[in-house]
Amino acid sequence: MNTGPAATNNPAASSAPSSANSAVATTATAIVNIASLVTNDPSLGDGTPLGLIQDAAVVIDGDRVVWVGESSKAPATDNRVDAGGRAVIPGFVDSHSHLVFAGDRTAEFNARMSGQAYAAGGIRTTVAATRAASDEALSANVARYLGEALRQGTTTIETKSGYGLTVEDEARALRIAAEHTDEVTYLGAHIVSPDHADDPAAYVALVTGEMLDACAPYARWIDVFCEKGAFDGDQARAILTAGKAKGLHPRIHANQLSYGPGVQLAVELDAASADHCTHLTDEDVDALAHSSTVATLLPGAEFSTRAPWPDARRLLDAGVTVALSTDCNPGSSFTSSVPFCIALAVRDMGMTPDEALWSATAGGAAALRRTDVGRLTAGARADLSLLDAPSHVHLAYRPGVPLVTEVWRAGVRQYAGSGH
Ligand code: NIG
Ligand code: FE
């Protein structure tokens, strides 16, 4: 199922604003004089999947968008914010990160950049540091990386456990994660715990038993690293099935380092997302294209492990819904920057700037099965960024430049950078 950008252009749909706009109270706030507004509603603006409106305005009431359209037609409101010809985009939806950790893996990165390969085993280093950290230190770390992400335009973020690997440490990680975000994933099956290195079956029993019971109350999702050196297809199926029985919905680290069963399993179990998707057979691509499982691409990991890029073009051309996220973690992708991932996806993965922007907003929302975020239309949560640029294309065109100058989340300006 593809809800992503296609090469279609529908001039008949260019008469925004839409009939979907709600009645506007004068107490609302209008952001006017927007050079270009990405709505992600193809019935608006230029009729492309981005629903791009030029010379636009957005009206916010409380935590919601109530009106979008041409700036000259904006309804009267008591509060007006002049965007000064900047672009406005929906807040990024980063549907894949690992923020509950302590320490870093600088030495491992250094070794990799001197030619060593990435392997799942490095996770043990972070497990040891995370177990040794206090709750306060872990929480402060999550807050730090969420702050970084927010200042780069991220307004919704998923994050996981996976660096505890005991009942207490996994439950603790999820409890801390849930204090910071609604999108929390239980990843007790990140690797076989070092405490059970000789008996992986016993660890799977723990992950699907006592650990699941302790973790499920804090989580919405369950994830497995399905990979050589982590969990095989049968183990992954057992873990995700047990999670489903407890009301958690599956997502999978699939086909990152090698070909394998992860993607097919994701489709079989109706996982919301198969994440990484770096090594795919034609059958894998076909299975994704005929499913409601999103392929979440994480180019920060390929950048940081000097691995081959996932082929976004192949997935998009097959009709797969693609999301783009950071995978922020200290081992394989220590970046909280969605703009960086957009630039990589455009430069190296065959995505157009429009497709990359869609995947980092609406695509991320699809990977979290959310309809209230990832778009700027009446009824959506008022999550948006102002860019110090006339259009979203500059995110890829001006890589590494901090273009996000203002971020609003749930109708509140959460970040206002310098320069405006
Ligand atoms: O998504 N692949 C598994 N997990 C992380 C890496 C975690 C780590 O190396 O610490 C990932 O890339
Ligand atoms: Fe990951």
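Nothing here was measured: the structure is a model prediction, and the numbers come from that model.

### As for the sheet that holds strand E9 (residues 221-226)
Ordered in space as E6-E7-E8-E9-E10-E11-E12-E13, the eight strands form an open sheet in which the pairing is parallel. This sheet does not close on itself; its edge strands, each paired only once, are strand E6 (92-94) and strand E13 (322-324). Taking each pair of neighbouring strands and ignoring which way they run, the sheet shows an average axis angle of 25°. Relative to strand E7 (residues 154-160), E6 runs parallel, the two sharing three bridges. Pairing of Phe 92 across the sheet is with Thr 154, part of E7. In this fold helix H7 (residues 233-245) packs onto strand E8 (183-189), E9 and strand E10 (249-254), with an angle of close to 175° to the strand it touches most, E9.

### Here's the deal with the domain arrangement of the chain
In terms of domains, the chain is made up of domain 1 (11-91 + 375-416) and domain 2 (93-367). Taking only C-alpha atoms into account, the centre of domain 1 sits 30 Å from that of domain 2. Taken together, the 22 residues of domain 1 in the interface contact 18 residues of domain 2. Of all elements in the fold, only strand E5 (87-90), helix H14 (394-397), strand E15 (404-409) and strand E16 (412-416) reach the threshold of two or more residues within the side of domain 1 that touches domain 2. Here the side of domain 1 that touches domain 2 takes three residues from E15, the largest share from any one element. Residue classes in the side of domain 1 that touches domain 2 are distributed as 13 nonpolar, six polar and three charged.

### Regarding the environment of Trp 408
Looking at the secondary structure, you find Trp 408 in strand E15. Taking the number of C-beta atoms within 10 Å as the measure of exposure, Trp 408 has 25 and is therefore buried. For the pair formed by Trp 408 and Glu 283, sequence separation is 125 residues and the distance between their alpha carbons is 41 Å. When residues no more than four places from it in sequence are discounted, the contact partners of Trp 408 are Ala 382, Asp 383, Leu 384, Arg 413 and Gln 414.

### Points about the pairing of strand E2 (residues 53-61)
On any regular strand, side chains alternate: one points to one face of the sheet, the next to the other face. Within E2, seven of the nine residues are buried, which leaves the element mostly enclosed by the surrounding structure. Where E2 and strand E3 (residues 64-70) come together, six bridges link them in antiparallel fashion. Within E3, the residue paired with Ala 56 across the bridge is Glu 70.

About the criteria used
- Position labels on residues start from 1 in each chain and follow its written sequence.
- Throughout, the order in which chains and ligands are written sets their labels, letters from A for the former and numbers from 1 for the latter.
- Where totals are concerned, whole chains, interfaces and linings use all residues; where local detail is concerned, this predicted model gives features only for residues with pLDDT of at least 70, and gives and counts side-chain atom pairs only at 80 or more.
- Two strands pair under a simple rule: DSSP has to find at least two bridges between them.
- Runs of H or I in DSSP of at least four residues are treated as helices and runs of E of at least two as strands, each being numbered from the N terminus.
- Axis geometry follows a simple rule: fit a line to the C-alpha atoms, using only the stretch in contact for helices, then measure angles between N-to-C directions, giving values from 0 to 180 degrees.
- We call two residues in contact whenever the C-beta atoms placed from their backbones are within 7 Å.
- All the domain ranges listed were derived from an automatic or database domain assignment.
- Residues are sorted three ways: Asp, Glu, Lys and Arg are charged, Ala, Val, Leu, Ile, Met, Phe, Trp, Tyr, Cys and Pro are nonpolar, and all the rest, Gly among them, are polar.
- Exposed residues have 12 or fewer other C-beta atoms within 10 Å of their own C-beta, buried residues have 20 or more, and residues in between are partly exposed; the C-beta atoms are placed from the backbone.

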